[in-house]
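# Architecture at a glance
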Amino acid sequence: MDGSVTESAYELELLAELEHKYQQHLNARSLAQVGFADKTHDVRALELGNPNARVPTVLFVGGVHGVERIGSQVILALLGSLLTRCSWDKHLQLMLTQIRLAFVPVLNPIGLIRGTRANGNGVDLMRNAPIDARGSVTFMVGGQRLSRHLPWYRGRSNQLEVETRAIIDYSNELMARGSSLIVLDAHSGFGLVDHIWFPFACKDTPFARLGEVYHLKQLFEMSYPHHCHYHIAPQSRFYRTHGDIWDYLVSCNPKVPFLPLTLEMGSWAWVKKNPRQLLRFSGYFNPQKQHRLQRILRRHFTLMQFLLDVGYAQVLEQLPELHRHHLDYQARNFWYPQAAEKPSHD
């Protein structure tokens, strides 16, 4: 159950510091405002790179669930590194002329301040989008409308929270401005290993860009064979939910290649190494030892840099249609063998 203790707003302070210090490199704005304890907090979006051209876009999202602070910290670590390098890294400078990098490091600032999974209204943002699961869902975990005082509350029917609407509108805006959109949404809390999930969470069927996900999986494993610790699979393989934001956006049939990926860091491994973390609610989701935190902040840099390079190389845009069909066939054999059909050679 979500806690109610007030947590440090370190991530919000670091975000404000980076925005102020490196403002010459950033296009920053507020996507929405949310109130708590007589104060108003912004949901900030920061962009690096080409502001005008129709270029590939990579979006990094953190803090959808406020208690999973490590997600925001991983995204902020990448952002801080890129901003520091902007003044001297010639490769990065060239890359940023041909790509757009977008960051929403803390989508749920009230949840982060309170140390809760839900937002200030008690709503789980990743159960709040207007899409229902096909068939049964995992009890409670899949989303419920019984009470805001219970976890995984979806909110009222057809009522989007401010934060949910903000990330949906911003994602659609990025797709309208770009030639493709890859999203990495950083979470923690499931299992002993790191997962990369992709749609659907609401049903056990392939989504339209399955072949492209499989292509990125192949490229990553061939390019970084010593970093292949991720378990890559559709989220529905682990549990099925209502209201997933990325499921909803995929269901709207985007006009450009759109690959939403969820990084689910395996926080149970941290608890296994340090069982005393269980004494605090936040300990279920975040490393408590400083050396372990530093290791996690380093651990995912290769993956995030890989996504930048994929965007820069226009891998999704330049994928031949026939090759995409063969990749889709391979992906279905790998993740959905019963649904696989032989590709056409017409």
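Now for a quick tour of the structure. (Residues numbered from 1 in each chain as written. Predicted model: local features only at pLDDT ≥ 70, side-chain atom pairs only at ≥ 80, totals over all residues. Heavy atoms only, no water.)

## Looking at the packing of aromatic side chains
The final tally for this structure, using the stated rule, is 19 aromatic pairs. Taking 5.7 Å as the distance between ring centres and 90° as the angle between the ring planes, the aromatic pair formed by Tyr 214 and Trp 335 counts as edge-to-face. Of the two residues, Tyr 214 sits in helix α6 (residues 210-223) while Trp 335 sits in helix α11 (residues 321-335), which places them 121 residues apart along the sequence. Taken individually, Tyr 214 and Trp 335 each receive the classification buried, so the pair is uniform in this respect. Over the ring of Phe 200 we find Lys 203, and its NZ or CZ is 4.6 Å from the ring centre. The aromatic ring of Tyr 336 is capped on one face by Arg 237, whose charged end is 5.1 Å from the ring centroid. (Phe/Tyr/Trp six-rings, centres within 6.5 Å; stacked < 30°, edge-to-face > 60°. Helix = DSSP H or I, 4+ residues; strand = E, 2+ residues; numbered from the N terminus. Buried < 20%, exposed > 50% of the residue type's maximum accessible area, 1.4 Å probe, protein only. Lys NZ or Arg CZ within 6 Å of the ring centre and 35° of its normal.)

## Some remarks on the pattern of salt bridges
A side chain with one charge can pair with a side chain of the opposite charge if their charged atoms come near. Under the counting rule described, the total for this entry stands at 17 salt bridges. Across the salt bridge formed by Arg 85 and Asp 89, the nearest N and O atoms sit 3.1 Å from each other. The residues Arg 85 and Asp 89 share a single accessibility class, namely buried. With its nearest N and O atoms 2.6 Å apart, the salt bridge here joins Asp 124 to Arg 117. (Salt bridge = Lys/Arg side-chain N within 4 Å of Asp/Glu carboxyl O.)

## Re α6
The end-to-end C-alpha separation of α6 is 20 Å, in line with the 20 Å expected for 14 residues at 1.5 Å each. As for α6, its buried residues are in contact with β5 (180-188), β6 (194-198), β7 (230-234), β8 (258-265), α10 (301-312) and α11. (Expected span 1.5 Å × (residues − 1). Contact = heavy atoms within 4.5 Å.)

## With respect to the sheet that holds β7
Read across the open sheet, the 8 strands follow the order β1-β2-β4-β3-β5-β8-β6-β7; overall the sheet is mixed. With partners counted over all chains shown, the strands left at the sheet margins are β1 (27-36) and β7, one partner each. Pairs of neighbouring strands in the sheet enclose a mean axial angle of 20°, with direction left out of account. (Pairing = 2+ DSSP bridges. Axes fitted to C-alpha atoms, helices over the stretch in contact; angles between N-to-C directions.)

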